[in-house]
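Structure assessment
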Amino acid sequence: QTVVRRITCVGAGYVGGPTCAMIAYKSPQITVTVVDMNKERIDAWNSDSLPIFEPGLEDVVMKCRGTNLFFSTDVPEAIRSADLIFISVNTPTKMYGKGAGMAPDLKYVESVARSIAEHAQGPKIVVEKSTVPVKAAESILSILEDAQRRSNNNLTFQVLSNPEFLAEGTAMRDLASPDRVLIGGEDSEEGQRAVAALVNVYASWVPRDRILTTKTWSSELSKLVANAFLAQRISSINSVSAICEATGADVREVAKAVGCDERIGSNFLNASVGFGGSCFQKDVLSLVYLCESLHLDKVADYWNGVITINNWQRRRFADAIVSELFNTVAGKKIAIFGFAFKKSTGDTRESSAIHVSKHLMEEEARLAVYDPAVTEKQMRQELVMETSEKSVNKLVTVFSDPYEAAKDAHAIVILTEWEEFKTYDYARMYNAMSHPAAFFDGRLLFKRKDIEAIGFHFFGIGSAPSHLSEVGYIL
Ligand code: NAD
Ligand code: UDX
């Protein structure tokens, strides 16, 4: 039996940091070192202000850091000393060459495989934690086996797939009590020994029946499919939200009625301004690209529909803002509440707020942005990447007080479902705004009647304007 005593994780990001903190916390007998080539990020992990905001994370890091949890930039040493190495680097959508805009960019994963090949000594279990396309483990293994053939220092490698299912904002809860841990490995005796070694790491705190072991390829594919199913649910309910707006039905009522069916379930049926985050779009596109590569065009089209609806939902919402504001927003101040891709995180990657802001900036709206967890620098960077520095400087102001953001604005636009947004004194905001004042709820946080009672003109995703809800939709 292989016993894991030293774990190294390459990639100190949203996955590597929290996952390793949890392993260190739950398994004091294991020494965990998280390495990254980004020195600034590692310095932050070693400081009082961690590089990512995740409820409960700081507590766990402070308990273990310096005892059995370490953060370092010394990748070679961390590789040499480990029994088991997680590859937890980013796999963003490739922006160049073949597969640009669709396929995941595997250059970071490959560079870690090459570092392992260069620096490893003795037996190593290498674990894909990053989300990768099916058969990525084969490429990693080819690089490692080449090193093994050329080496004379007892090198052996097993490559496992162990995708991560945590969601940001609830990462620590998800890690402490996962629905399942998935471990894929080879059928061979050595492969199964490596699988058992990783199973034992998780078994310190995860019930054994929640640890699934599969073939490597099933594990890799399951991660893409799980995200595709989740994203598909959101696109499905968002497509229904458009029907609701046109007919007088209410998407909240429809979601509730539909979700009561146990076979469908009630989770993840919140209509919204579109899903964001670093995973859903990237992983669905990766699945679509995989299908295209396998000449499964109908399957590719099917999953691509999830992305089409998501882009359309963002556009539709931005268009509704323009049309409800008398078809022109040029020069109008618009308060944007929420820039993170969801609540309880400071992450803005692929946030729908970026896309809605971009559409409004194209119409020359002046945006007054407020988010409780996103820094001004980050907002500006995201918007500059989508538009230009010139238009960001001209059109975007970032506020640290929502009341100031709303002052003199023609509209309030809710783009992230932060709980604190429910607690504001909107009557006070209304009085300080330009009139007529409008309210656009992209997150189903508010009831139409409450907001209209203040005096706002209200537009909410998936709920029809009052005249439609009253008389119904007549064909
Ligand atoms: P991230 O960008 O936050 O972190 C990745 C880190 O890897 C970066 O800090 C980068 O500097 C580092 N890195 C890249 N190449 C390196 C190298 N050769 N050597 C050392 N360090 C290197 O990414 P993330 O959000 O943690 O995601 C990591 C992987 O996990 C991705 O494949 C992602 O799809 C997957 N995933 C992410 C989430 C999530 O919620 N963020 C959830 C499940 C799975
Ligand atoms: C997702 C998966 O949930 C997680 O299992 C995987 O490991 C990584 O990708 P994450 O992107 O962190 O996690 O957040 P998630 O809670 O899934 O939300 C993604 C996006 O969908 C957010 O923009 C969120 O606001 C949106 N969403 C979610 C909806 O619009 N409606 C919903 O009902 C749920």
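Residues numbered from 1 in each chain as written. Chains lettered and ligands numbered in written order. Predicted model: local features only at pLDDT ≥ 70, side-chain atom pairs only at ≥ 80, totals over all residues. Heavy atoms only, no water.

**Some words on helix 5 (residues 107-119)**
Counting along an α-helix, one turn takes 3.6 residues, and residues three or four places apart therefore face a common direction. Taking 1.5 Å per residue, 13 residues should reach 18 Å; helix 5 reaches 18 Å between its end C-alpha atoms and fits that length. Within helix 5 the residues assigned to the buried category are Val109, Val112, Ala113, Ile116, Ala117 and His119. (Helix = DSSP H or I, 4+ residues; strand = E, 2+ residues; numbered from the N terminus. Expected span 1.5 Å × (residues − 1). Buried < 20%, exposed > 50% of the residue type's maximum accessible area, 1.4 Å probe, protein only.)

**Focus: the site of ligand 1**
The immediate surroundings of ligand 1 are formed by 26 residues, with Asp36, Arg41, Thr91, Ser111 and Lys282 found nearest. One nitrogen or oxygen atom from the main chain of tyrosine 14 is found 3.0 Å from an oxygen atom belonging to ligand 1. Between ligand 1 and the protein, one listed contact pairs a nitrogen atom with a side-chain N or O atom of glutamate 168 at 2.8 Å. Contact with the protein chains covers 92% of the free accessible surface of ligand 1, which is 830 Å². (Near = heavy atom within 4 Å. Polar contact = N/O pair within 3.5 Å; in protein donor to acceptor, adjacent residues only side chain to side chain. Areas by Shrake-Rupley, 256 points an atom, 1.4 Å probe, with all protein chains shown as cover.)

**As for the environment of arginine 80**
Mapped onto the elements, arginine 80 comes out in helix 4 (residues 75-81). Of the residues examined, arginine 80 reaches a relative accessible area of 34% and is grouped as partly exposed. Excluding its chain neighbours within four sequence positions, the residues that come into contact with arginine 80 are His119, Gln121 and Lys124. (Contact = heavy atoms within 4.5 Å.)

**Description of empty space enclosed by the protein**
Considering all chains together, one arrives at 1 cavity of 30 Å³ or more under this definition. If you add up the space inside the largest cavity, you get close to 30 Å³. Taken together, Glu128, Ser130, Thr131, Val132, Ser161, Asn162, Pro163, Ser219, Glu220 and Lys223 form the lining of the largest cavity. With 3 residues, the top contributor of residues to the lining of the largest cavity is helix 9 (residues 216-247). Within the lining of the largest cavity, the residues separate by chemical class into 2 nonpolar, 5 polar and 3 charged. (1 Å grid on protein atoms, 1.4 Å probe; cavity = no way out; pocket = protein on both sides within 12 Å on 5 of 7 lines; lining within 4 Å. Points joined across faces, edges and corners; volume = space filled by probe spheres on them. Nonpolar A, V, L, I, M, F, W, Y, C, P; charged D, E, K, R; others polar.)

**Thoughts on the site of ligand 2**
Among the 21 residues in the neighbourhood of ligand 2, the closest are listed as Leu166, Glu168, Ser272, Phe341 and Arg443. The backbone of glutamate 168 places a nitrogen or oxygen atom 2.7 Å from an oxygen atom of ligand 2. Across the complex, the protein chains shield 91% of the 660 Å² of accessible surface that ligand 2 would expose by itself. Ranked by residue count, the leading element in the shell around ligand 2 is helix 9, at 4 residues. Of the residues contributing to the shell around ligand 2, the split by class is 11 nonpolar, 4 polar and 6 charged.

**A closer look at the packing of aromatic side chains**
Applying the stated criterion across every chain yields a total of 21 aromatic pairs. Relative to tyrosine 424, the ring of tyrosine 403 has its centre 5.9 Å away and its plane inclined at 50°; by these criteria the two rings are tilted. In this pair, tyrosine 403 is assigned in helix 16 (residues 402-406) and tyrosine 424 in the loop between strand 12 (411-414) and helix 17 (426-431), connecting sequence segments 21 residues apart. An identical accessibility class is assigned to tyrosine 403 and tyrosine 424; each is buried. Ring centres 5.3 Å apart and planes at 75° place the aromatic pair phenylalanine 439 and phenylalanine 456 in the edge-to-face group. Residue phenylalanine 439 is found in strand 13 (residues 438-441), and its partner phenylalanine 456 is found in the loop between helix 18 (448-454) and strand 14 (457-460); the two are separated by 17 residues along the sequence. Each of the two residues, phenylalanine 439 as well as phenylalanine 456, counts as buried. Counting every residue linked through ring pairs, the aromatic cluster contains Phe337, Tyr370, Tyr403, Phe421, Tyr424, Tyr426, Tyr430, Phe439, Phe446, Phe456 and Phe458. (Phe/Tyr/Trp six-rings, centres within 6.5 Å; stacked < 30°, edge-to-face > 60°.)

No statement about biological role is implied by the geometric values presented.
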